[in-house]
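Chain by chain, the residues run as shown.
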Amino acid sequence: MLGYDSPDEVLGHDAHRLFHHSTADGTPIDMRDCHIHNSIAQLTTTRVSDEVFWRKNGTFFDAQYVACPQIDEGYPVGTTVLFQDVTERRALERMKDEFISTVSHELRTPLTSLRAALGLIAGGALHARPEKAQQMLDVAIGNTDRLVSLVNDILDLERMSAGKMQMHFSDVRIGDLLQRAADLQHSTVQKTGVQFRIDAEPVTAHVDADRILQTLTNLVSNALKFSPPGSQIRLIARANGPNEVLVGVMDQGRGIPPEKLETVFERFQQVDASDSRMMGGTGLGLAICRSIVEQHDGHIWAESASGEGASFYFTLPRFAPR
Ligand code: ADP
């Protein structure tokens, strides 16, 4: 773990100088502050979980260790250090902390606005101005809807990543799902004059129909958000080799810059920080899509040639696994 090849490289050397000389940012650790040395000096077992150990090649890993003094006839003769590389666990903890801080921010923003709108109404200041009061109620409802969909999305993701989402597989004609996803957007389409074009081969896939419809609905409603009035959204489904179905949702909107094609699938990642405010949405839609597709052993990705809109594709299995 420390990268040494033979005992000769370490025997007779000072352990502190070899692998415990400084903190992660390079600040030297004085021997007097060294827990390992102190465990010998004070004859106490010490547990430490927030330090790093240095490798021979100058890199380090997050270490957790127990230093246990060895005593012979009352005298300290050395110490046993049991250590563990906890780099991955630390990375997970950091991710969890970041996730919680983003989630609390995302929850607090609509709640603050909801509180302000209700406060104005409850304070009576708008009694004589019913149209203004109505406007505040609309703000409150909008923010409540946003909170509900955010909480639903977070719970969905959580259940999926814990593998607790019940899946109901059956053979489904993918063209039918494309049609249903398009039909669900009927009212928005009428307002914006965006047209759907569905090119579906009569293929079936072995999927959870509700979850795939949820994926398509996410992709289609994203495509609609970015589609200029009067433009076209293409939905395709075709056999992709003997075992897969390829599904695509292509729009003629502003597209996605190449460096964002992968990150948009991460939680709360947007191309533009203002996207969720301007366009609605939680920033979790594509993370949910990816999770659903992966539970079907498929892949999902985005393509976007400059000036030609965005295309999202995913693959699904045609048959039940044997
Ligand atoms: P949101 O709830 O913000 O839509 P998503 O995870 O569904 O969250 O999408 C993440 C981001 O990816 C969006 O905020 C947007 O910046 C970008 N995006 C998604 N679909 C498209 C699209 N069809 N055209 C351009 N950008 C898109």
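For the structure given in this document, a descriptive report is provided here.

About the criteria used
- Counting restarts for each chain, with residues numbered from 1 along the sequence as it is written.
- In view of the model being predicted, local features appear only for residues whose pLDDT reaches at least 70, and side-chain atom pairs are presented and counted only at 80 or more, with totals across whole chains, interfaces and linings using the full set of residues.
- Only heavy atoms go into the side-chain values, all of them from the structure, while hydrogens and water stay out.
- Note on conventions: DSSP H or I runs of at least 4 residues are helices, E runs of at least 2 residues are strands, and numbering of each starts at the N terminus.
- As a reference, a globule follows 2.2 Å times the number of residues to the power 0.38, and the radius of gyration itself is taken over C-alpha atoms.
- Exposure classes here rest on a 1.4 Å probe applied to the protein chains alone. A residue is buried below 20% of its type maximum, exposed above 50%, and partly exposed in between.
- Note on contacts: a residue pair is in contact if any heavy atoms of the two residues lie within 4.5 Å.
- Each accessible area value is a Shrake-Rupley result obtained with a 1.4 Å probe; residue values ignore everything except the protein chains displayed when judging cover.
- Definition used for salt bridges: Asp or Glu carboxyl oxygen within 4 Å of a side-chain nitrogen of Lys or Arg.
- By the convention used here, strands pair only if DSSP detects at least 2 bridges between them.
- Fitted lines through C-alpha atoms serve as axes, helices being fitted only where they are in contact, and the angles separating the N-to-C directions of these axes extend from 0 to 180 degrees.
- The definition of a nonpolar core used throughout is a set of buried Ala, Val, Leu, Ile, Met, Phe, Trp, Tyr and Cys residues joined through side-chain atoms within 4.5 Å.
- In this document the domain limits rely on a domain assignment from an automatic tool or a database.
- Note that the term roughly parallel is reserved for angles under 35 degrees, roughly antiparallel for angles over 145, roughly perpendicular for angles of 65 to 115, and oblique for everything else.
- Left-handed describes a crossing in which the near helix is turned anticlockwise from the far one by less than a right angle; the clockwise case is right-handed.
- Amino acids outside the nonpolar list (Ala, Val, Leu, Ile, Met, Phe, Trp, Tyr, Cys, Pro) and the charged list (Asp, Glu, Lys, Arg) are all regarded as polar, and Gly is one of them.
- Any pair of Phe, Tyr and Trp rings, taking the six-membered ring for Trp, is counted once the centres come within 6.5 Å. Such a pair is stacked with planes under 30 degrees apart, edge-to-face with planes over 60 apart, and tilted for the rest.
- For a lysine, the NZ atom is tested; for an arginine, the CZ atom; a charge sits over a ring if that atom is within 6 Å of the ring centre and within 35 degrees of the ring normal.

1. With respect to the overall build of the protein
At step 1: Helix and strand counts for the protein stand at nine helices and ten strands.
At step 2: Since a compact globule built from 322 residues should have a radius of gyration of about 20 Å, the 28 Å found for the protein marks it as more spread out than a globular shape.
At step 3: In terms of its C-alpha atoms, the protein occupies a principal-axis envelope of roughly 90 × 65 × 40 Å.
At step 4: Taken across its 322 residues, the protein has 36% of its residues classed as buried.
At step 5: For the protein, restricting intrachain contacts to residue pairs at least 6 apart in sequence, the fraction spanning at least 24 positions comes to 62%.
At step 6: Working note: accessible area of the protein is about 18800 Å², and carbon and sulfur atoms make up 53% of it.

2. With respect to the pattern of salt bridges
At step 1: For the structure shown, the criterion picks out eleven salt bridges.
At step 2: For Arg 211, the salt bridge is made with Asp 156, and the minimal N-O distance between the two is 4.0 Å. Of this pair, Arg 211 sits in helix 7 (residues 209-226) while Asp 156 sits in helix 4 (residues 130-161), placing them 55 residues apart in sequence. Asp 156 carries the same exposure label as Arg 211, and that label is buried.
At step 3: Because the salt bridges share partners, they merge into one network encompassing Asp 5, Glu 9 and Lys 56.

3. Looking at the sheet that holds strand 3 (residues 75-85)
At step 1: The strand order across the open sheet built from three strands is 1-2-3, with neighbouring strands paired in antiparallel fashion. Each of the sheet's edge strands pairs with one partner strand only, and the pair in question is strand 1 (46-54) and strand 3. Here the average twist between neighbouring strands, direction ignored, is 40 degrees.
At step 2: Sheet topology places strand 1 next to strand 2 (residues 60-72); seven bridges connect them, and they run antiparallel.

4. Looking at the nonpolar core
At step 1: Ranked by internal contacts, the top residues of the largest apolar core, which has 50 residues, are Ile 174, Leu 216 and Phe 314.
At step 2: Per element, the largest residue contribution to this core is seven residues, and it comes from helix 7.
At step 3: Summarising the domain contributions, this core has at least three residues from each of domain 2 (90-161) and domain 3 (169-317).
At step 4: Dropping the residues within four chain positions of it, Ile 174 is found in contact with Val 203, Ala 205, Ala 237, Val 245, Val 247 and Leu 316.
At step 5: If you look at the next biggest cluster of nonpolar residues, it comprises eleven residues, including Leu 2, Phe 19, Cys 34 and Tyr 65.

5. Brief notes about the packing of helix 3 (residues 87-122) against helix 4
To describe two helices that pack against each other, one gives the angle between their axes and the distance between the axes.
At step 1: It is the contact of helix 3 with helix 4, at a shortest axis distance of 9 Å, that shows an interaxial angle of 155 degrees. The angle between helix 3 and helix 4 places the two elements in the roughly antiparallel class. As helix 3 runs across helix 4, the sense of the crossing is left-handed. Taken together, the residues of helix 4 that come into contact with helix 3 (itself represented by Val 103, Glu 106, Leu 107, Pro 110, Leu 111, Ser 113, Leu 114, Ala 117, Leu 118, Leu 120 and Ile 121) are Ala 133, Met 136, Leu 137, Val 139, Ala 140, Asn 143, Thr 144, Arg 146, Leu 147, Leu 150, Val 151 and Ile 154.
At step 2: Of the residues in the contact of helix 3 with helix 4, the class split is 18 nonpolar, three polar and two charged.

6. Re the packing of aromatic side chains
Here the distance between the centres and the angle between the planes together describe a pair of aromatic rings.
At step 1: Tallied over the full model, the rule gives nine aromatic pairs.
At step 2: With a centroid separation of 6.0 Å and an interplanar angle of 35 degrees, the aromatic rings of Phe 99 and Phe 268 are classed as tilted. Separated by 169 residues along the polypeptide, Phe 99 in helix 3 and Phe 268 in the loop between strand 8 (244-250) and helix 8 (275-279) bring together distant segments of the chain.
At step 3: Take Phe 268: its relative accessible area is 13%, and that puts it in the buried class.
At step 4: When the ring centre of Phe 99 is taken as origin, the NZ or CZ atom of Arg 267, which lies over that ring, is 4.6 Å away.
At step 5: For Arg 290, the ring lying beneath its charged end belongs to Phe 265, and the centroid distance is 4.3 Å.

7. Points about the sheet that holds strand 5 (residues 195-200)
Think of a sheet as strands paired side by side through backbone hydrogen bonds, with each pair either parallel or antiparallel.
At step 1: Spatially, five strands are ordered 5-7-8-10-9 in an open sheet, and the strand pairing comes out mixed. Sheet topology places strand 5 and strand 9 (300-303) at the edges, where each strand pairs with a single neighbour. The average angle at which neighbouring strand axes cross in this sheet is 15 degrees, direction not considered.
At step 2: Note: strand 7 (residues 232-240) against strand 8, seven bridges, orientation antiparallel. Looking across to strand 8, one finds that Arg 238 is bridged to Leu 246.
At step 3: Strands in contact with helix 5 (residues 174-183) are strand 5, strand 7, strand 8 and strand 10 (311-317); relative to strand 5, the strand with the most contacts, it is inclined by about 175 degrees.
At step 4: In the packing of helix 7 onto the sheet, the strands contacted are strand 5, strand 7, strand 8 and strand 10, and the crossing angle to strand 10 comes to about 170 degrees.

8. Considering the packing of helix 4 against helix 9 (residues 285-295)
At step 1: With their axes 10 Å apart at the nearest point, helix 4 and helix 9 run at an angle of 30 degrees to one another. One finds that helix 4 runs roughly parallel with respect to helix 9. Relative to helix 9, the crossing made by helix 4 is left-handed. Between helix 4 and helix 9, the residues in contact are Asp 153, Asp 156, Leu 157 and Met 160 and Ala 287, Ile 288, Ser 291, Ile 292 and Gln 295, respectively.
At step 2: Classifying every residue of the contact of helix 4 with helix 9 gives five nonpolar, two polar and two charged.

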